[in-house]
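# Chains, contacts and geometry: an overview
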Amino acid sequence: MSRNTLKWSVLASALFLGACNNAPAPTEEPTQPAPESTQSVRTVESKLSQIELEWEGPTPLLESIMEAGNDECDTHNNWCDGTLDVYGFPWSSTQTPTLSDAVESVFALMQDPREQSRITWQDQGTVPFSTLSDALFFFDALDPHLLTEIGNGTEQVQIRYFYSSYLVAPGAHDWNHLFIVLFPQSHRVAVFNLVNHEI
């Protein structure tokens, strides 16, 4: 399978994020950006330059697990949807890649503002693998295969958990669980997203 490389302009992403976070209200006169705004842009730029994600996709085993889980979701009136993306990244630094860098890079790939405008992510912080394992629902076969298929089987993965609940129709919510998993020795990032639907 060919390897697709996802690249983006670090400067453009940084400016986009800075503009979103610091845009003046329509009635305000444009002003010079405050010093902390400039620092915020520099921080984003610096973090994004640390990890350049290259899409690899799930291994055949993980892909079959995801297909089986989504089939089970459909059997139960589409109670849920799950996705799993796997990225590699080149790494030549003597320092260990950080989970914060991985999170910044993953969110930089989420470039559809229409989709993201309705999702307000709540950062649940760094969690142990057991938190991910407990939330797998119909995708429970990912435990332990996620660790053995992507990593070296012994490295300590790092996981950041984000949660969101939002109205998709009158009386119907979606509950979105997003797990960003860093494999610091194998230089990979897995992104597992489970959406439970209120029927």
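Our structure's up above, just so we're on the same page.
Described below are features of the structure shown in this document. (Residues numbered from 1 in each chain as written. Predicted model: local features only at pLDDT ≥ 70, side-chain atom pairs only at ≥ 80, totals over all residues. Heavy atoms only, no water.)

## Structural notes on the pattern of salt bridges
- Tallied over the entire structure, the rule returns 2 salt bridges.
- Put simply, glutamate 56 and arginine 188 hold a salt bridge, and the shortest N to O gap is 2.9 Å. Note that glutamate 56 is positioned in the loop between β2 (54-55) and α3 (60-75) and arginine 188 in strand β7 (residues 188-197), a separation of 132 residues in sequence.
- Residue arginine 188 is classed as partly exposed on the basis of its relative accessible area, which comes to 27%. (Salt bridge = Lys/Arg side-chain N within 4 Å of Asp/Glu carboxyl O. Helix = DSSP H or I, 4+ residues; strand = E, 2+ residues; numbered from the N terminus. Buried < 20%, exposed > 50% of the residue type's maximum accessible area, 1.4 Å probe, protein only.)

## Some points on the nonpolar core
- Formed by 25 residues in total, the largest nonpolar core has its most connected members in Leu84, Leu132, Leu142, Leu146, Phe179 and Phe192.
- Mapped onto this core, the elements with two or more residues apiece are α3, β3 (80-88), α6 (129-134), α7 (142-150), β5 (158-169), β6 (172-183) and β7.
- It is α3 that contributes the most residues to this core, 4 residues altogether.
- The residues contacting leucine 132, other than those within four sequence positions of it, are Leu146, Ile159, Phe179, Val181 and Phe192.
- Counting 19 residues, the second-largest nonpolar core is a separate cluster that includes Tyr87, Trp121, Leu178 and Val195. (Core = buried A, V, L, I, M, F, W, Y, C linked by side-chain atoms within 4.5 Å. Contact = heavy atoms within 4.5 Å.)

## Notes on the packing of aromatic side chains
- The full count for this structure, using the stated rule, is 6 aromatic pairs.
- Centre to centre, the rings of phenylalanine 89 and tryptophan 91 are 5.8 Å apart; their planes meet at 85°, and the pair counts as edge-to-face.
- Taken together, a centroid distance of 5.0 Å and an interplanar angle of 70° make the contact between phenylalanine 107 and phenylalanine 162 edge-to-face. Note that phenylalanine 107 is positioned in helix α4 (residues 99-109) and phenylalanine 162 in strand β5, a separation of 55 residues in sequence. (Phe/Tyr/Trp six-rings, centres within 6.5 Å; stacked < 30°, edge-to-face > 60°.)

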